[in-house]
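Residues per chain are reported as follows:
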Amino acid sequence: MRKTTVFLFLMLAFLAATTTSCVTSKKVRFLRDMPEYGVPLNDKFEATIAPYDELRIFVLGDGKNEELVKPFNVLGTAGSNVSNNQMGYLVDVNGNIEFPVLGELHVAGLTRLQLQDMIAEQLKSNGYLSNPNVMVRFLNFKVFVLGTETGKVLNISEERCTFLEALAMAGGLDLYTRRDRIGVMREVSGKMVIHYMDPRSTEIFNDDFFLLQQNDIIFTEVGTRRFLKEGYSNWTWVLSGVSTIITAITSYLTLQKLLSKPTTR
């Protein structure tokens, strides 16, 4: 009986150690291979315009004759509040917008700054404005994050959002999220594609999906270790009951042994 009791106690200790084992920092730390001298970056860290984007475009003149710029600002004035007036130029499925006076412009694939220069150049070359100043802003730059339990919509107010920035804005990753299989879903050439990234490696800096695009969807997966722990948690009450029974039996046998000893006079 004593051997059986010891064996059961050892099994309980093993199960407890398994459910509470820690995760090493090497498995969860971001950019674990980052050298001290840094990592060179490519020149792809600027968002480009894509179909179904909504753009806010303002045209400013030289201040001498503001009446000349009014035909190019039919969707609002330069001083309007974008948060209260969200109407903008919607990029169609072919990557075009219909701009006042200039007509149809192909904008897909251009960066915000490139579109500014293109419109300003056309206004100047066609003789509409002598010294135009054009401002372009994204109105619908959103990134969606589907976590293991909840989802979030990230409204990006800047010109760009990187993969790591999105993870930070979403609240980071818990210890049970798989680092080697974080997916980014994106529409590419009329198809939805999924690309997996690992934030523990500096290789993500050279990944084409590191710079997120509008309406990208990031999703994470739960690691095997969490499923194991949750499975053990469901059996906690059973193990607790077994431990109580073993303790009671051991106490009873000890008491019986003491009572069975012959008394000496």
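What you see as residue numbers is a count from 1 along each chain, following the sequence as written. Confidence filtering applies because this is a predicted model: local features only for residues at pLDDT of at least 70, side-chain atom pairs given and counted only at 80 or more, and all residues used for totals across whole chains, interfaces and linings. Excluded from the side-chain calculations are hydrogens and water; all other atoms, namely the structure's heavy atoms, are used.

Draft legend 1. Seen up close, the environment of Asn131. Put simply, DSSP marks the helices as runs of H or I at least four residues long and the strands as runs of E at least two long, and each gets a number from the N terminus on. Within the fold, Asn131 resides in the loop between α3 (112-125) and β5 (133-138). Any pair of residues with heavy atoms lying within 4.5 Å of one another is described as a contacting pair. Those residues in contact with Asn131, other than ones at most four positions away along the chain, are Leu60, Gly61 and Asp62.

Draft legend 2. Here's a closer look at the pattern of salt bridges. Salt bridges are defined as contacts in which a side-chain nitrogen from Lys or Arg sits within 4 Å of a carboxyl oxygen from Asp or Glu. As enumerated under the stated definition, the model contains 6 salt bridges in all. Asp180 is paired through a salt bridge with Arg178; the nearest N and O atoms lie 3.0 Å apart. Of the charged contacts in the structure, one is a salt bridge between Glu221 and Arg178, with a shortest N-O distance of 3.8 Å. Taken together, the positions of Glu221 in the loop between β10 (217-219) and α5 (224-234) and Arg178 in the loop between α4 (163-169) and β8 (182-188) put the pair 43 residues apart, joining distant regions of the chain. Working definition: with a 1.4 Å probe on protein chains only, accessible area under 20% of the residue-type maximum means buried, over 50% means exposed, and in between means partly exposed. By relative accessible area, which is 31% here, Arg178 ends up partly exposed.

Draft legend 3. Examining the packing of aromatic side chains more closely. Stacked, edge-to-face and tilted are the three classes for Phe, Tyr and Trp ring pairs, Trp counted by its six-membered ring, which pair at centre distances within 6.5 Å; planes under 30 degrees apart are stacked, over 60 edge-to-face, the rest tilted. Overall, the coordinates contain 5 aromatic pairs when judged by the stated rule. Criterion for a charge above a ring: Lys NZ or Arg CZ within 6 Å of the ring centre, and within 35 degrees of the ring normal. The cationic tip of Arg181 hangs over the ring face of Tyr196; the distance from NZ or CZ to the ring centre is 4.0 Å. One cation-aromatic arrangement involves Arg186 over Phe209; the distance from NZ or CZ to the ring centre is 4.2 Å.

Draft legend 4. Up close: the nonpolar core. The term nonpolar core refers to a set of buried residues drawn from Ala, Val, Leu, Ile, Met, Phe, Trp, Tyr and Cys, joined through side-chain atoms within 4.5 Å. Ile57, Phe99, Ile119, Phe163 and Ile218 are the most contacted members of the largest nonpolar core, which has 43 residues in total. At the level of secondary structure, the elements contributing two or more residues to this core comprise β1 (54-60), β3 (96-99), α3, β5, β6 (142-146), α4 and β8. Element by element, the count of residues in this core is highest for α3, at 4 residues. What Ile218 contacts, discounting residues up to four positions off in sequence, is Val143, Phe144, Val145, Leu146, Phe163, Ala166, Leu167, Ile182, Gly183, Val184 and Leu212.

Draft legend 5. Structural view of a nonpolar patch on the surface. On the surface, Tyr52, Leu90 and Val93 cluster together to form a nonpolar patch covering roughly 330 Å² of accessible area. With respect to the helices and strands, the residue Val93 is situated in the loop between β2 (89-90) and β3. Only residues whose relative accessible area exceeds 30% and that form no salt bridge are eligible for patches; like-charged ones are grouped when within 9 Å, while nonpolar side chains (Val, Leu, Ile, Met, Phe, Trp, Tyr) are grouped when within 5 Å. Areas reported here follow the Shrake-Rupley algorithm with a probe of radius 1.4 Å; residue values treat only the protein chains shown as occluding.

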